[in-house]
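Observations on the three-dimensional arrangement
One letter stands for each residue in the lines below.
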Amino acid sequence: MNIKLASIFVLFGVASAFTSPRATVVGRSATSSSLFSSTADDFVELSVSLPPSGSGMQSNMRIKSCLPGPSEYLEVRYKLPFDLSVEPKNNLAICTKASRVAGGEQVGDVLRYTSQWTLGLPKGEGLGQSLGGFAGSLSWGCSMFDVMAVKDWRQVVEALTTNIPSRTDEVVLIFERPLKETAE
């Protein structure tokens, strides 16, 4: 069934767990970059700037392909609110509707990661951050949520819907896209 939460469209159900040219496409508040190409046996290391835009925070990830053949990773950044059509199929979060923005996700892309906001101790360096940690001061922090690591589709929906305007100005999505194999 279709649900709309925080201007995000996802199909809700229950599922089990789920190289480097850069091209930036800007349109309807979205940017995307083709990050890396890989095969099923390769690990790819990605470094992604975390929201909100200009925060200076990075997430360094090491990803193994979930697809049987060659694939590429696509980073898509949307300004809030945003539309996304993804549903669980064969233990993967599959895109069911292409982005209205050139260079965005396409039907068949696999959602691998999304930015997620959680309440926790402050991150960072310096006396203020250290004192805040000792005092038990909680604040919202952003990380990349591994869609493949969960067994309940509701967790994916919850992670997507933490990206709200009071915390951030954008959402970051990492998709894996199958590449067509070339005959040699």
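Above this text sits the structure in question.
Residues numbered from 1 in each chain as written. Predicted model: local features only at pLDDT ≥ 70, side-chain atom pairs only at ≥ 80, totals over all residues. Heavy atoms only, no water.

1. Concerning the overall build of the protein
Where we set the bar: Secondary structure counts use DSSP, requiring at least four H or I residues in a row for a helix and at least two E residues in a row for a strand, with both numbered from the N terminus. Burial classes follow relative accessibility: with a 1.4 Å probe on protein chains only, a residue under 20% of its type's maximum area counts as buried, one over 50% as exposed, and anything between as partly exposed. Each accessible area is a Shrake-Rupley estimate made with a 1.4 Å probe; only the visible protein chains count as cover when residues are assessed.
The secondary structure content of the protein amounts to two helices and eleven strands. In the protein, which comprises 184 residues, the proportion classed as buried is 43%. Total accessible area on the protein is roughly 9600 Å²; 54% of this is exposed by carbon and sulfur atoms.

2. What to know about the pattern of salt bridges
As a reminder, the rule being used: Whenever Lys or Arg places a side-chain nitrogen within 4 Å of a carboxyl oxygen from Asp or Glu, that contact is recorded as a salt bridge.
This model, assessed by the stated rule, comprises ten salt bridges. Residue arginine 62 is joined to glutamate 45 by a salt bridge in which the shortest nitrogen-to-oxygen separation is 3.8 Å. Taken together, the residues arginine 62 in strand 5 (residues 58–64) and glutamate 45 in strand 4 (residues 43–49) connect sequence positions 17 residues apart. On the basis of relative accessibility, which here comes to 54%, the residue arginine 62 falls in the exposed class.

3. Points about the side chain of glutamate 170
Going by this rule: Pairs of N or O atoms within 3.5 Å make up the polar contacts considered here, provided that, within protein, one atom can donate a hydrogen while the other can accept it, and that residues adjacent in sequence are counted only when both atoms are side-chain atoms. Residue contacts follow a heavy-atom distance rule, with two residues in contact if any of their heavy atoms lie within 4.5 Å.
Among the secondary structure elements, glutamate 170 is positioned in strand 11 (residues 170–178). Judged by its relative accessible area of 5%, glutamate 170 is buried. Reaching out from glutamate 170, the side chain makes a polar contact with the backbone nitrogen of serine 53 at a distance of 3.4 Å. Among the polar contacts listed, one links the side chain of glutamate 170 to the side chain of arginine 77, at a separation of 2.9 Å. Not counting residues within four places of it along the chain, the set of residues in contact with glutamate 170 comprises Pro51, Pro52, Ser53, Arg77, Tyr78, Lys79, Leu80 and Asn163.

4. Quick look at a nonpolar patch on the surface
As a reminder of what qualifies: The patches reported here contain residues having more than 30% relative accessible area and no salt bridge. Joining distances are 9 Å for like charges and 5 Å for nonpolar side chains (Val, Leu, Ile, Met, Phe, Trp, Tyr).
Side chains of Leu119, Leu121, Leu138 and Trp140 sit close together on the surface and give an oily, nonpolar patch of about 430 Å² of accessible area. Mapped onto the elements of the fold, tryptophan 140 is located in strand 10 (residues 139–146). With a relative accessible area of 43%, tryptophan 140 lands in the partly exposed category.

5. Digging into unusual backbone geometry
Going from proline 51 to proline 52, the amide bond is cis rather than trans, its omega being -5 degrees. On the secondary structure map, proline 52 appears in the loop between strand 4 and strand 5. Geometrically, the link from leucine 80 to proline 81 is a cis peptide bond, its omega value of -10 degrees lying close to zero. Structurally, the position occupied by proline 81 is in the loop between strand 6 (71–79) and strand 7 (86–89).

6. Focus on the nonpolar core
The condition that has to hold: Residues belong to one nonpolar core when they are buried, are Ala, Val, Leu, Ile, Met, Phe, Trp, Tyr or Cys, and are joined through side-chain atoms within 4.5 Å.
Counting 21 residues, the largest nonpolar core has Tyr78, Phe82, Leu84, Leu111, Val156, Leu173 and Phe175 as the members making the most contacts within it. Secondary-structure elements contributing two or more residues to this core are strand 6, helix 2 (153–160) and strand 11. Per element, the largest residue contribution to this core is five residues, and it comes from helix 2. Leu46, Val48, Met61 and Val172 belong to the second-largest nonpolar core, a separate cluster that totals 13 residues.

7. What about the side chain of glutamate 176?
With respect to the helices and strands, glutamate 176 occurs in strand 11. Classification of glutamate 176 as buried rests on a relative accessible area of 0%. Within polar-contact distance, the side chain of glutamate 176 engages the side chain of serine 65 at 2.4 Å. A polar side-chain atom of glutamate 176 sits 2.6 Å from a polar atom in the side chain of serine 71. The contacts of glutamate 176, once residues within four sequence positions are left out, are Ser65, Cys66, Leu67, Ser71, Glu72, Tyr73, Asp109, Val110 and Arg112.

8. Quick word on the pairing of strand 8 (residues 92–95)
The test is simple: DSSP calls a pair of strands paired once it identifies at least 2 bridges connecting them.
With burial as the criterion, each face of strand 8 is covered, one bearing Leu92 and Ile94 and the other bearing Ala93 and Cys95. Two strands pair when backbone bridges link them, and strand 7 and strand 8 are joined in this way by four bridges, in the antiparallel orientation. What sits directly across from lysine 89, in strand 8, is leucine 92. Here strand 7 folds back onto strand 8, and the loop between the two strands holds two residues, one of which, asparagine 90, carries a positive phi near 50 degrees.

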